[in-house]
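Here are the chains, one letter per residue:
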Amino acid sequence: MAAKTSAIEAKPREIPFRIVIGNSSEPNIVRLRAVMSKGEDERTKTVLSDPSCNATVCVESGDLIPALVDFFEEGKCECRPRGIDLQAIAPSGAERFGRDIYSFPSLERIILNSNVLGAPQQQILLQYPRASHITELHLRGCKLGDQGIRQLASTWPFKSLVMLLLAQNGISHAGTNAVAKLLLESTLLETVSLAENDFGATG
């Protein structure tokens, strides 16, 4: 562990990410620090040294992903994030979006709330290589619409979901068959949110 501390101190920079500990309804927020001298930010140091940490990495800009991947892959900490929360990815291209979510092999939850997911991003999500390991998929406010939900339903790979959030996606009565297909294929679901869509009385 001492060797890893030395490696961290050799690069005096602060990486602007947050790790959200997912064990409470009001998660603890800690900042990742590349410089963690003895006694500094003890909570952060404890989190980063715990390989079983149930953490979600919140990334506020897709441009920061390479530095984050570098932080985890170079052995700067023992923690392996179980989830990723990508924020402000709407301007990014499909290629970068794919790199973002494929860079973390231990994911169990993917949070993409309030990002616009066009057809290319949806296709990348469907091709996610560890889709069968994902237990939570948060797609609130992604503007999928009826066409988007149909595309997702066409080859839905997320068979182990426990939580699926599809609120605020502009899904109308025309998309209800696709929604039903997703729900039927995700047999382990415990929590589903379809709030604030446009199903109407017939949906």
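Residues numbered from 1 in each chain as written. Predicted model: local features only at pLDDT ≥ 70, side-chain atom pairs only at ≥ 80, totals over all residues. Heavy atoms only, no water.

Asks: Before we go on, may I ask you to explain the overall build of the chain in this structure?
Replies: The helix and strand inventory of the chain stands at 7 helices and 8 strands. A burial count over the chain gives 44% of its 203 residues as buried. At a minimum sequence separation of 6, the contacts of the chain that also span at least 24 residues come to 75%. A total accessible area of about 9700 Å² is found for the chain, and carbon and sulfur atoms account for 53% of it. (Helix = DSSP H or I, 4+ residues; strand = E, 2+ residues; numbered from the N terminus. Buried < 20%, exposed > 50% of the residue type's maximum accessible area, 1.4 Å probe, protein only. Contact = heavy atoms within 4.5 Å. Areas by Shrake-Rupley, 256 points an atom, 1.4 Å probe, with all protein chains shown as cover.)

Asks: Looking at this structure, how should I read the nonpolar core?
Replies: What tends to happen in soluble globular proteins is that the nonpolar side chains get buried as a cluster. Core analysis: the biggest nonpolar cluster contains 35 residues, and Leu-112, Leu-139, Ile-149 and Trp-156 have the highest contact counts within it. Secondary structure elements with two or more residues in this core: strand S3 (55-59), strand S4 (83-86), helix H4 (94-102), helix H5 (119-126), helix H6 (145-154) and helix H7 (176-185). In contact with Trp-156, other than residues within four places in its own chain, are Leu-126, Leu-137, Leu-161, Leu-164, Leu-182, Glu-185 and Ser-186. (Core = buried A, V, L, I, M, F, W, Y, C linked by side-chain atoms within 4.5 Å.)

Asks: In this structure, what is going on with unusual backbone geometry? I would like to understand it.
Replies: The phi angle of most residues is negative, glycine excepted, and most peptide bonds adopt the trans form. Its identity is not glycine, yet Gln-168 carries a phi of approximately 60°, on the positive side. Following the sequence through the fold, Gln-168 ends up in the loop between strand S7 (163-165) and H7. For Gln-168, a relative accessible area of 33% puts it in the partly exposed group. Of note, Glu-196 is a non-glycine position whose phi angle comes to about 55°, a positive value. Considering the arrangement of structural elements, one finds Glu-196 in the segment after strand S8 (191-193).

Asks: Even after reading the chapter, I still don't get the packing of aromatic side chains, so can you show me in this structure?
Replies: To describe a pair of aromatic rings, you give the distance between the ring centres and the angle between the ring planes. Under the definition given, this model contains 1 aromatic pair. When the centroid spacing of 5.1 Å and the interplanar angle of 65° are considered together, the rings of Trp-156 and Phe-158 count as edge-to-face. (Phe/Tyr/Trp six-rings, centres within 6.5 Å; stacked < 30°, edge-to-face > 60°.)

Asks: I would appreciate a short explanation of the packing of H4 against H5 in the present structure.
Replies: Packed helix pairs are characterised by how far apart their axes lie and by the angle those axes make with each other. Across the interface, H4 lies against H5 with an axial gap of 9 Å and an inter-helix angle of 30°. When the interaxial angle is binned, H4 and H5 end up roughly parallel. Regarding H4 and H5, the two cross each other, and that crossing is right-handed. For the pair H4 and H5, the contacting residues are Ala-94, Glu-95, Phe-97, Gly-98, Ile-101 and Tyr-102 in the first and Pro-120, Gln-121, Ile-124 and Leu-125 in the second. Classifying every residue of the contact of H4 with H5 gives 7 nonpolar, 2 polar and 1 charged. (Axes fitted to C-alpha atoms, helices over the stretch in contact; angles between N-to-C directions. Parallel < 35°, antiparallel > 145°, perpendicular 65-115°, else oblique. Left-handed = near helix turned anticlockwise from the far one by under 90°. Nonpolar A, V, L, I, M, F, W, Y, C, P; charged D, E, K, R; others polar.)

Asks: Would you mind going over the pattern of salt bridges with me for this structure?
Replies: When the charged atoms of two side chains lie near each other, side chains of opposite charge can form a pair. Applying the stated criterion to the full structure yields 4 salt bridges. The partner of Arg-109 in a salt bridge is Glu-136, with the nearest N and O atoms 3.9 Å apart. Within this pair, whereas Arg-109 is found in strand S5 (residues 109-111), its partner Glu-136 is found in strand S6 (residues 136-138), the two being separated by 27 residues in sequence. Across the pair Lys-181 and Glu-185 runs a salt bridge whose closest N-O atoms are separated by 2.6 Å. Placement of the pair is Lys-181 and Glu-185 together in helix H7, with a separation of 4 residues, close to one helical turn. (Salt bridge = Lys/Arg side-chain N within 4 Å of Asp/Glu carboxyl O.)

Asks: Sorry if this is basic, but what is going on with the pairing of S3 here?
Replies: Two faces make up the sheet, and in a regular strand the side chains alternate between them. In terms of burial, S3 is a largely internal element, 5 of the 5 residues being buried. On S3, burial covers both faces: Ala-55, Val-57 and Val-59 on one face and Thr-56 and Cys-58 on the other are all buried. Taken together, the 4 bridges between S3 and S4 define a ladder with parallel strand orientation. Across the sheet, residue Val-59 finds its bridge partner in S4, namely Leu-86. (Pairing = 2+ DSSP bridges.)

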